Amino acid sequence: MSTKRPLILVLVCSTRPGALGPAVGSWLAGAITPRARELGVDLMPLALGDLGLPFLDEEEHPSTGIYRHEHTRRWSATVAAADGFVVVTPEYNYGMPATLKNALDYLGPEWAWKPVGFVSYGNTSAGTRAVQHAKQVVTTLRLVPVGATVALRIADAVHDGQVRRDDALAAAAVGVLDELVRVAQALRPMRERAAADTAAGPLPGSYVRPLTLADAPEVTVLQRCCWVEEALANDTLAVPALHEPLDEVRAGLAAWQATGLFLDGRLLAMVRTRRDGDDWHVGRLAVAPDLRGQGLGRWMLRTAESAAGGCGRLVLTTGAASRRNIALYESEGYRPIPGGDPGTTRLAKTLPAPVL
């Protein structure tokens, strides 16, 4: 499971002056914030009226991601950053507010494979018909409604414009958050695989994407699994990847272009690269020990090499006694060169000159 902190957007939908929505949103925040802290979840409250979204005014279809207006780009960035949503909505004439429908219609891929929970309020039906109406729309956008809901009947739940204290309702709100977080974690691989910066990997269902600072915990675990064998082969514990603390791993991710191979949310392999003059340096090539022998290391190495446009040679370093690594690199055309720290072997491969 990913160690990234989920971000849940709590969207208060009513824009009517004097609406009850802000009071319901405030009550909800009070009910679920303690649980969010326990779960390591970040909550982002947002009033739909604060977005300043006019009725849909984009010329291109939302699926293209081509947005002409700044208000659309801001809304896109907000939704794209979220891992799930809690929609606080009234019921207007057996349906959801037009402003909510409009906000949904503005975007496309940003919604996909994220869970959504509902907190509704109204009179006779406590807003449940608005939720049913909204579910027809959100599922089309590949949002995934969770089963847990909260429905507030105004006559019973509200007094003097505020939601009454009710332990059962508060528990139901916590239940929405709990289910939302579980589903958000389960759907994360679907979201990542659909992202614009991912590409298909060598295993069925796997994908590669750039590693970010948020991936540092997974990178740390993979490094420590992989470099135990390196330490044993070279009879030394002086292997940086084996004992780097989290802040040093983050620093490495910031300084290098790192790529990870994932399957079902698990980091299977990684490699990092950076340019130094005419050289393209390749480092930290790692494959999970249980997946070795399937060609993943070779595939990741070639992926790293493919980004070396304009460089004259590829350079990498491994332990002097790491025979498995050296055999792989030599089979890919690398040859030992002078230099490197004591106890290491430095290898390089000359790249063909570009055809003019």
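Here the structure is a predicted model, which is why all the values come from computation and not from measurement. (Residues numbered from 1 in each chain as written. Predicted model: local features only at pLDDT ≥ 70, side-chain atom pairs only at ≥ 80, totals over all residues. Heavy atoms only, no water.)

Asks: An account of the sheet that holds strand β14 (residues 335-337) is requested, with residue identities and associated values reported.
Replies: Taken in spatial order, the eight strands line up as β8-β9-β10-β11-β12-β13-β15-β14 in an open sheet, and their pairing is mixed. Each end of this open sheet is capped by a strand with a single partner; those strands are β8 (199-200) and β14. Looking at chain direction, β8 and strand β9 (residues 207-210) are connected through two bridges and run antiparallel. When the sheet's bridge partners are listed, Ala200 is paired in β9 with Tyr207. Running over the sheet, helix α10 (residues 296-305) touches β8, β9, β10 (257-263), β11 (266-276), β12 (279-287), β13 (313-319) and β15 (344-350) and is turned about 155 degrees from β12. (Pairing = 2+ DSSP bridges. Helix = DSSP H or I, 4+ residues; strand = E, 2+ residues; numbered from the N terminus. Contact = heavy atoms within 4.5 Å. Axes fitted to C-alpha atoms, helices over the stretch in contact; angles between N-to-C directions.)

Asks: Break down the layout of surface pockets for me, with residues and values.
Replies: Reported here for the largest pocket is a volume of approximately 1,300 Å³. Together, 47 residues line the largest pocket, and Trp227, Glu230, Thr317, Thr318 and Asn325 are the ones closest to its centre. Elements that contribute at least two residues to the lining of the largest pocket include exactly α7 (216-234), α8 (240-243), β12, α10, β13, α11 (323-331) and β15. Of the residues forming the lining of the largest pocket, the biggest block, seven residues, is contributed by β12. Taken together, the residues of the lining of the largest pocket sort by class into 20 nonpolar, 16 polar and 11 charged. In this structure, the second largest pocket encloses a volume near 660 Å³. Together, 21 residues line the second largest pocket, and Ala80, Lys114, Arg191, Glu192 and Ala195 are the ones closest to its centre. Listed by contribution, the elements that provide at least two residues to the lining of the second largest pocket are α2 (70-81), α6 (167-194) and β9. At four residues, the largest contribution of residues to the lining of the second largest pocket is made by α6. Taken together, the residues of the lining of the second largest pocket break down into 10 nonpolar, two polar and nine charged. (1 Å grid on protein atoms, 1.4 Å probe; cavity = no way out; pocket = protein on both sides within 12 Å on 5 of 7 lines; lining within 4 Å. Points joined across faces, edges and corners; volume = space filled by probe spheres on them. Nonpolar A, V, L, I, M, F, W, Y, C, P; charged D, E, K, R; others polar.)

Asks: Break down the packing of helix α1 (residues 21-39) against α6 for me, citing the residues and quoting the values.
Replies: Packing of α1 against α6 brings their axes to within 9 Å, and their N-to-C directions diverge by 45 degrees. As judged from the angle between their axes, α1 and α6 are oblique. Here α1 and α6 pass one another in a crossing that is right-handed. Residues Trp27, Leu28, Ala31, Ile32, Arg35, Ala36 and Leu39 of α1 form the contact with α6, whose participating residues are Leu169, Ala170, Ala173, Val174, Leu177, Asp178 and Val181. Across the contact of α1 with α6, the residue classes tally to 12 nonpolar, no polar and two charged. (Parallel < 35°, antiparallel > 145°, perpendicular 65-115°, else oblique. Left-handed = near helix turned anticlockwise from the far one by under 90°.)

Asks: Describe in detail unusual backbone geometry, supporting the description with residues and values.
Replies: Despite not being glycine, Asn93 has its phi angle at roughly 50 degrees, a positive value. As for its position among the elements, Asn93 is in the loop between β3 (84-90) and α3 (98-105). The class of Asn93 is exposed, set by a relative accessible area of 77%. Of note in this structure, Trp113 is not a glycine but carries a positive phi near 60 degrees. (Buried < 20%, exposed > 50% of the residue type's maximum accessible area, 1.4 Å probe, protein only.)

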